[in-house]
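For reference, the chains in residue letters:
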Amino acid sequence: MLKISVPTRSREEMVNVTASLRSAVKENGWTDGILTVFCPHTTCGLTINEGFDPDVPHDMLAFLKARIPQDWGFRHGEGNSDAHLKASLMGSSVQLIVEGGEILIGTWQAVWFFEADGPRTRQIWLKWIGD
């Protein structure tokens, strides 16, 4: 298993990790198989969505923040129940097809790390299953 650090600068943030994943594939000589990317944090997640227009991750964050406010009246004593809910909606992992040493995603797609309780230095874990 390979671990990659993802530093975040805000309480809620979307970080495009596609380049880091592509680098990991190249550096490890992974050519044909499946790359599982897992987030081991309960207040963060992973998703695949548009990576071309910066308004898309901005809109996603704004929508989640408006629909799941931090001060809703949750009972969890740490004050971050909203982050747990948002992370659950994003999901904790993505699987990527790799062929010929390239991650196969759509033209406009990117892999996003979603931070909901930062800023912190987080990790994503990579597990390679090759042919």
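Note: the structure precedes this text.
Let me begin by describing the structure that accompanies this report. Note that the structure is a prediction, hence the values are computed from the model and not measured.

**Observations concerning the sheet that holds strand 1 (residues 2-7)**
1) Next: Within the open sheet, the five strands sit side by side as 1-8-3-5-6. Their pairing is antiparallel. Strands with a single pairing partner mark the edges of an open sheet, and in this sheet they are strand 1 and strand 6 (102-104). With strand direction ignored, the average angle separating the axes of adjacent strands in the sheet is 35°.
2) Next: The pairing of strand 3 (residues 33-38) with strand 5 (residues 93-99) spans six bridges and is classified as antiparallel. In the strand pairing of strand 5, V37 is matched with V94.

**With respect to the nonpolar core**
1) Next: Grouped together as the largest cluster of nonpolar side chains are 21 residues, with contacts concentrated most on V17, L21, L35, V37, F113 and I124.
2) Next: Contributing elements (two or more residues each) for this core: strand 1, helix 1 (18-27), strand 3, strand 4 (44-50), strand 5, strand 7 (109-115) and strand 8 (121-130).
3) Next: The contacts of V17, once residues within four sequence positions are left out, are V6, V111, F113 and I124.
4) Next: Ranked by size, the runner-up nonpolar core spans 12 residues in total, among them L64, I68, W112 and F114.

So, how was this worked out
Residues numbered from 1 in each chain as written. Predicted model: local features only at pLDDT ≥ 70, side-chain atom pairs only at ≥ 80, totals over all residues. Heavy atoms only, no water. Pairing = 2+ DSSP bridges. Helix = DSSP H or I, 4+ residues; strand = E, 2+ residues; numbered from the N terminus. Axes fitted to C-alpha atoms, helices over the stretch in contact; angles between N-to-C directions. Core = buried A, V, L, I, M, F, W, Y, C linked by side-chain atoms within 4.5 Å. Buried < 20%, exposed > 50% of the residue type's maximum accessible area, 1.4 Å probe, protein only. Contact = heavy atoms within 4.5 Å.

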